[in-house]
Structure formats: C-alpha cells, structure tokens
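Topology and contacts: notes
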Amino acid sequence: MSRSDRSQAVDVQHAQTYEIRTYGCQMNVHDSERLSGLLEEAGYVRAPEGTAEGEADVVVFNTCAVRENADNRLYGNLGRLAPMKAKRPGMQIAVGGCLAQKDRDTIVKKAPWVDVVFGTHNIGKLPVLLERARIQEEAQVEIAESLEAFPSTLPTRRESAYAAWVSISVGCNNTCTFCIVPALRGKEKDRRPGDILAEIEALVAEGVSEITLLGQNVNAYGSDIGDREAFSKLLRACGQIEGLERVRFTSPHPRDFTDDVIAAMAETPNVMPQLHMPLQSGSDTVLKAMRRSYRQERYLGIIEKVRAAIPHAAITTDIIVGFPGETEEDFEQTLHVVREARFAQAFTFQYSKRPGTPAATMDGQIPKQVVQARYERLVALQEEISWEENKKQVGRTLELMVAEGEGRKDGATHRLSGRAPDNRLVHFTKPDEEVRPGDVVTVEITYAAPHHLLAEGQVLNVRRTRAGDAWEKRNAAEAAKPAGVMLGLPKIGVPEPLPAATGGCSAH
C-alpha cells in the first residue's frame, strides 16, 4: 500500500483519532513513537488531550511481557473497553508488543472484540491490518517470526523536540534464565553504522541535541556485523557530529563491556559521564544460575576502570532480590557489591516468576516474606549511598539541559528542572529570562536529596539553543491543532535513562 493509498484509507474530512498506551521498557517507548508516526502518515490524528477513555477511534496497546501480571493488566484494560466499543461499532482496538508476540493465539480468544494483534517484528503493518480488519469485519492476527523492517526505517512521531532515542540493534543473544525478551524480540540484529549516523545527523538538523543509543544489549553492537569494536567506534563517530551535545546509551551488558568502550567514553566530549550497568546479583553462585556470563570480580573491575577514566561518572544499576536458590550468604554478596560500587542509583526488584523462563520452574523458590525482608535491607542501604553520593555534588557548578515534565512540583515551587551531564535530576530557581526545554543553564548545586539535587541560588548563565528553538517551534505548531495525549508509560520528555522492569528489553 503506497503512502497516498494509506492516507486515503481514512476519510480526511473526518480524520480518525488514535491513542497509544505503552507499557514496559525503552524499546517499547521507541516502538510507540514509530506506531504514532505510522498512524499519522496513514491519516489518523492523535486524540486531543483529555479525551475520555474509549472515545478515541483507535486504541493501541503496546504491551510488555516482563512485568508481573502483565497479562492480567492487559485483559483488565481490554475488558473495560468492551462495552464502550459495543456502543461505537467503528472503534478499533489493536494489541502489539511483547505480550502479543507471546500470547498470539489467546488474545482474540479471551477478548474477541480486539481487531488487530501484531508482534514485535512487524509493527510497520499496523495501519494495513487496521484497514483490513475494517473491510473484512474480522480480527487480524499477524505475528512475524523475524524482523520485517528495522524500526528506525519507519515513520516516527517523537515525544521530545530536543532529545531522541536512536535504536542501533534489536534482539538479544543472551539466555538469562529470568528473561523472556530474547524469545520475543529474537536474535540480535545490528543496523549499519552509516544508517545510524545518518539518522542522528537528521535528528540534529531538526534541533535534537541529545540522543540515547538504544539496544537490548547495546554494547554487544557489532556481533552481527563482525566487528568487536563497532560500539566504541560508533561512540567516537557521534563525537564528530556538529551540534550533538549529549550522547547516552542503554543498556550495556558487563560481558561485552570492553576497555575500548571505556576509552571512547572518556575521550569523546559529548558522551556523557553516566553508565547504567546491570548487576542483577553480587553472588557468583546466583549469577551462574541466572546464566549471567560474568562474576563479581569482573563486574567490580569494570566499575574501577570506569571510575579511573571518568572520575565524575554516575553509575546506576539493576538488582534482583530473591532469585531461586539465593541464600543469605548470596544476598550478603550483593550488599557487598553495592557498598563497593557506590551506585548513584539502583533499580531494585523482587524476583517473581515469569512464565516461559527457565527460572520459573527452578527449585529453591524463596518465600515472599524472605524476599521482602531482603529487598527492604537492600533499598535502605542504597538510599543511604545515593544520598551520600549526591551530597558530594553540593558546591559543584553544572550545566543542565532544561527538561520538560521532569519536576512534578515545579509549578508550586517556582522552579524548573534539568538533567546534569551525569543525568542526575536537578531542580533550579526559575530565572527572570525565558528558559525553554532544550536550553542549557549553568547552576551551582546547594542541596542534595537521595533522588535529586537543588540549585537554590540565581542561575549563573542561560544558553539558548537550537534544541530550545525546536521545542518552541513544535509547541507553536501543536497549539495550532488539537493537543496530543501522552503515550502512557513512561512520561514524555528526555528519554528515561533507566529500565523500568526486571529483565526488560534494556535491563540486561
């Protein structure tokens, strides 16, 4: 179907509205930007902000199979929409993402009012499948077993004018026993470096000044194209792009984290001093059971090398508590690594069974109350360390990229919020002059809390940027048409630097 054909699929006089509800990791958020772009290219318009539930003409669920009770949540939401759809025969419901890939045969059986089910490999088919369901008046279920088109080749509607995701690979070659993602996203497939850099250059030309390189196992990049140093070369190439101020990436795997990557981070000025390095457990015994291909000594060695090369780097992590067979001694090893590594922040999760994973049927499942008690001890320790590490920032002068929607209390406190180079969240006093998301301000840190910093004095400098211009231009364009609604979870603004679910697409 050509672009003009797709555009004609929807009556332009009465353009149909759409809403996308996104769950899960960064890869899902990025996919939802593509889904939005595909639908808008096909003639749909985003439902105006404040549209009541069930009022959009097309509702798309971009699902996650990693979160606990993900299927219950999906079917609960679908159940709420059933009577609304019954009253509006033209309304359509589509389900895509990881849960759709996993439960392809059961979604329409459990929720026969769903019109389209599509998988992680064929998101580009959504407009065609919607139209086919409309014409044939029956559900369309199409799950591809391998990637049909790299997501970044599809149209997109980005959620931020100044920051963007750039997918460098999809899929994962690891076999972690707690994770179902490789089965749903497939083996790793890398994009050509030239295609990645061309996309980044195009984004910068549009006003984007920060990009986050995205992959399920981002630093394994190159394994598919036969170059072990491809990722470090890519980071250095990003440093040559004029106008690109900040480069981040998520999430790497300790197994593939090599010295050339550390050198590239340290020597490329626009690669930010920030690293998210999933630990999962500090116990060699548990790491072996998880099928993680590194051990405690190797992990701490990476942290030591990063700190030596980039002293101000903020290092964050993921940790699973209560993996099957974890003893008190194993848990103490995790606490030891936390004390040694001194993470700026840790995303901590209580292990819970994920159907379809080897860990779900392992012996030695830990009682819930034991897992809860260990989890609380870990959180208390990490909170203490996060606060101590944040206190070291007091007195420092930092350049912040002004963020949109990051400070929930900004209106009441007359502050704005921004991200430091190491990605710490900073709330700062609103200056007299106009400051836009994407602009850069210089501030002095005056106070530290465990999860944010404050700059309570006057802003030392404001630098208006092309990214701020892009934000202003987009807002003016949006004001001229019905406002959009958010994609759901997570929020809009600078891409979240950290994974939101244990073992998720980028929690490797």
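What comes next is a walk through the structure. (Residues numbered from 1 in each chain as written. Predicted model: local features only at pLDDT ≥ 70, side-chain atom pairs only at ≥ 80, totals over all residues. Heavy atoms only, no water.)

A word on the overall build of the protein
Keep this limit in mind: Secondary structure elements are taken from DSSP: a helix is a run of H or I of four residues or more, a strand is a run of E of two residues or more, and numbering for both begins at the N terminus. Each residue is placed in one exposure class: buried if its accessible area under a 1.4 Å probe, protein chains only, is under 20% of its type's maximum, exposed if it is over 50%, and partly exposed if it falls in between. Residues count as neighbours in contact if any of their non-hydrogen atoms are within 4.5 Å of one another. Accessibility throughout is a Shrake-Rupley quantity obtained with a 1.4 Å probe, and a residue counts as covered only by protein chains that appear here.
The number of helices and strands found in the protein is 16 helices and 21 strands. Counting over 508 residues, the protein shows a buried share of 58%. Within the protein, contacts between residues at least 6 apart in sequence are counted, and of these 76% link residues at least 24 apart. Element-wise, carbon and sulfur atoms account for 50% of the exposed surface of the protein, whose accessible area totals about 20,900 Å².

Focus on the sheet that holds strand β2 (residues 45-46)
The condition is simple: When DSSP finds at least two bridges between two strands, those strands are taken to pair. Angular values range over 0 to 180 degrees, each being the angle between N-to-C directions of two axes fitted as lines to C-alpha atoms, with helices fitted over their stretch in contact.
Strand order in the open sheet formed by six strands is β2-β1-β3-β4-β5-β6, with parallel pairing between adjacent strands. Each having just a single partner strand, β2 and β6 (140-142) make up the two edges of the open sheet. Summarising the sheet, strand β1 (residues 17-22) and strand β3 (residues 58-63) pair through five bridges and their orientation is parallel. Among the inter-strand pairings, Ile 20 is bridged to a residue of β3, identified as Val 60. Docked against the sheet, helix α2 (residues 26-41) engages β1, β2, β3 and β5 (116-118), running at close to 170 degrees with respect to β1.

With respect to the side chain of Asp 57
The test is simple: N or O atoms closer than or at 3.5 Å make up a polar contact, with two conditions inside protein: a donor-capable atom paired with an acceptor-capable one, and, for residues adjacent in sequence, both atoms drawn from side chains.
By the secondary structure assignment, Asp 57 is in the loop between β2 and β3. For Asp 57, the side chain forms a polar contact with the main-chain nitrogen of Thr 17, separated by 2.8 Å. In terms of polar contacts, Asp 57 uses its side chain to reach the side chain of Arg 88, at 2.9 Å. Residue contacts for Asp 57: discarding those within four places in its chain leaves Ala 15, Gln 16, Thr 17, Arg 88, Gly 90, Met 91 and Gln 92.

Remarks on the sheet that holds strand β17 (residues 425-429)
Within the open sheet, the seven strands sit side by side as β19-β20-β17-β16-β15-β18-β21. Their pairing is mixed. Every interior strand has two partners, whereas the edge strands, β19 (447-448) and β21 (461-463), have only one. Pairing between strand β16 (residues 415-419) and β17: five bridges, direction antiparallel. Bridged to Arg 415 within β17 is Thr 429.

What about helix α9 (residues 230-238)?
Looking at α9, one finds that the buried residues are Ala 230, Phe 231, Ser 232, Leu 234, Leu 235 and Cys 238. Looking at the packing, one finds that the buried side of α9 touches α8 (193-205), β10 (210-214), β11 (246-250) and α10 (259-267).

So, the side chain of Asp 260
Formally: Think of it this way: Lys and Arg go in the positive column, Asp and Glu in the negative one, and His and the chain ends go nowhere. By convention in these notes, a salt bridge is any Lys or Arg side-chain nitrogen within 4 Å of a carboxyl oxygen on Asp or Glu.
Looking at where Asp 260 falls in the secondary structure, it is placed in helix α10. Buried Asp 260, no salt bridge; nearest opposite-charge side chain is Arg 236, N-O distance 7.3 Å. Within the structure, the side chain of Asp 260 is placed 2.5 Å from the side chain of Ser 232, a separation counted as a polar contact. If we skip the residues at most four places from it in the chain, Asp 260 touches Glu 229 and Ser 232.

What about helix α6 (residues 126-136)?
Among the residues making up α6, those that are buried are Leu 126, Pro 127, Leu 129, Leu 130, Glu 131 and Ala 133. Just beyond α6, the residue with positive phi is Glu 137, at close to 55 degrees.

Some thoughts on the packing of helix α12 (residues 296-309) against helix α13 (residues 328-341)
Quick reminder of the rule: Note that the term roughly parallel is reserved for angles under 35 degrees, roughly antiparallel for angles over 145, roughly perpendicular for angles of 65 to 115, and oblique for everything else. For this scheme, ten residues count as nonpolar: Ala, Val, Leu, Ile, Met, Phe, Trp, Tyr, Cys and Pro. Four count as charged, namely Asp, Glu, Lys and Arg, and the remainder, Gly too, count as polar.
Where α12 meets α13, the closest approach of the two axes is 11 Å, and the angle between their N-to-C directions is 10 degrees. With respect to α13, the element α12 is oriented roughly parallel. Side by side, α12 and α13 meet where Gln 296, Tyr 299, Leu 300, Ile 303 and Arg 307 of the first sit next to Gln 333, His 336, Val 337, Glu 340 and Ala 341 of the second. Classifying every residue of the contact of α12 with α13 gives five nonpolar, three polar and two charged.

So, the nonpolar core
As a reminder of what qualifies: In this description, a nonpolar core means a group of buried Ala, Val, Leu, Ile, Met, Phe, Trp, Tyr and Cys residues linked to one another through side-chain atoms lying within 4.5 Å.
With 55 residues, the main nonpolar core has Ile 200, Ile 211, Leu 213, Leu 235 and Phe 257 as its most contacted residues. Ignoring anything within four residues of it in the chain, the contact list for Phe 257 reads Asn 219, Phe 249, Pro 252, Ile 262, Met 265, Leu 275, Met 277, Arg 298, Ile 302 and Val 306.

Quick look at the pattern of salt bridges
Two side chains with opposite charge may pair up if their charged atoms get near one another. Enumeration according to the criterion identifies 32 salt bridges in this entry. Linking Asp 422 and Arg 424 is a salt bridge whose minimum nitrogen-to-oxygen distance equals 2.6 Å. On the basis of relative accessible area, Asp 422 is assigned to the buried category, the value being 7%. With a relative accessible area of 11%, Arg 424 lands in the buried category. Taken together, the salt bridges that share partners define one network made up of Glu 434, Arg 436, Asp 439, Arg 464, Asp 469 and Glu 472.

Here we look at the packing of aromatic side chains
Short version of the rule: The criterion for an aromatic pair is that two Phe, Tyr or Trp rings (for Trp, the six-membered ring) have centres within 6.5 Å, with stacked assigned to planes under 30 degrees apart, edge-to-face to planes over 60 apart and tilted to the rest.
Evaluated as defined, the whole model comprises four aromatic pairs. Where Phe 231 meets Phe 249, the ring centres are 5.1 Å apart and the plane angle is 85 degrees; that geometry is what we call edge-to-face. Pair noted here: Phe 231 is in helix α9 and Phe 249 is in strand β11, with a separation of 18 residues, a long-range link. One aromatic cluster in this structure is built from Tyr 294, Tyr 299 and Phe 343.

A few points about the environment of Glu 33
One can find Glu 33 in helix α2. For Glu 33, a relative accessible area of 5% corresponds to the buried category.

Some words on the environment of Lys 85
For Lys 85, the position within the fold is in helix α3 (residues 70-87). Judged by relative accessible area, Lys 85 falls into the buried class, the value being 12%. For Lys 85, the contacting residues outside a window of four places in its chain are Met 91, Ile 93, Trp 113 and Asp 115.

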